[in-house]
Amino acid sequence: MNATPKYLIEFPDFRDMPTLPDFLEDISWNNDSCPSFRDSVSGCILFVEYFNPADREYPESSRFEVITAEGNSTLSTDNLRDALAFILAAPRAN
């Protein structure tokens, strides 16, 4: 039996999640504007916005945002491959 993903518990109306790699842990929290996932190696957090910009808290924002563990470097993009490459290139978290 498969458990309901955390992001669907926190964001029950979120139905357009792209397939994400297994190394990303679902850390979604309903006080954020969208689901989020953490890479335990780099500490980066990937925020996945709604596919339809009109459904986003900020419609002009990109679909994917990555924040590094230090919080001083980010990437905003509509391309999941770019977001994942940014995470994989990030230094290991301390």
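Residues numbered from 1 in each chain as written. Predicted model: local features only at pLDDT ≥ 70, side-chain atom pairs only at ≥ 80, totals over all residues. Heavy atoms only, no water.

Some details on the environment of asparagine 30
Okay, step 1: Counting through the fold element by element, asparagine 30 comes out in the loop between strand 1 (24-26) and strand 2 (36-39).
Okay, step 2: Expressed as a C-alpha distance, the spacing of asparagine 30 and serine 42, which sit twelve residues apart in the sequence, is 23 Å.
Okay, step 3: Apart from residues no more than four positions distant in its own chain, asparagine 30 is found in contact with Glu10 and Phe11. (Helix = DSSP H or I, 4+ residues; strand = E, 2+ residues; numbered from the N terminus. Contact = heavy atoms within 4.5 Å.)

Some thoughts on the state of the cysteines
Linking two cysteines covalently through their sulfur atoms gives a disulfide.
Okay, step 1: Tallied over the full model, the rule gives zero disulfides.
Okay, step 2: Not engaged in a disulfide, the cysteine cysteine 34 finds its nearest cysteine sulfur in cysteine 44; these two sulfurs lie 15 Å apart. (Disulfide = S-S within 2.5 Å.)

Section: the sheet that holds strand 5 (residues 74-77)
Okay, step 1: Read across the open sheet, the five strands follow the order 1-2-3-4-5; overall the sheet is antiparallel. The open sheet terminates on both sides in strands that have one partner only, identified here as strand 1 and strand 5. Put simply, the sheet's adjacent strands are angled 20 degrees from each other on average, direction ignored.
Okay, step 2: Sitting on the sheet, helix 2 (residues 80-89) is in contact with strand 1, strand 2, strand 3 (45-48), strand 4 (64-67) and strand 5, with an inclination near 165 degrees to strand 5. (Pairing = 2+ DSSP bridges. Axes fitted to C-alpha atoms, helices over the stretch in contact; angles between N-to-C directions.)

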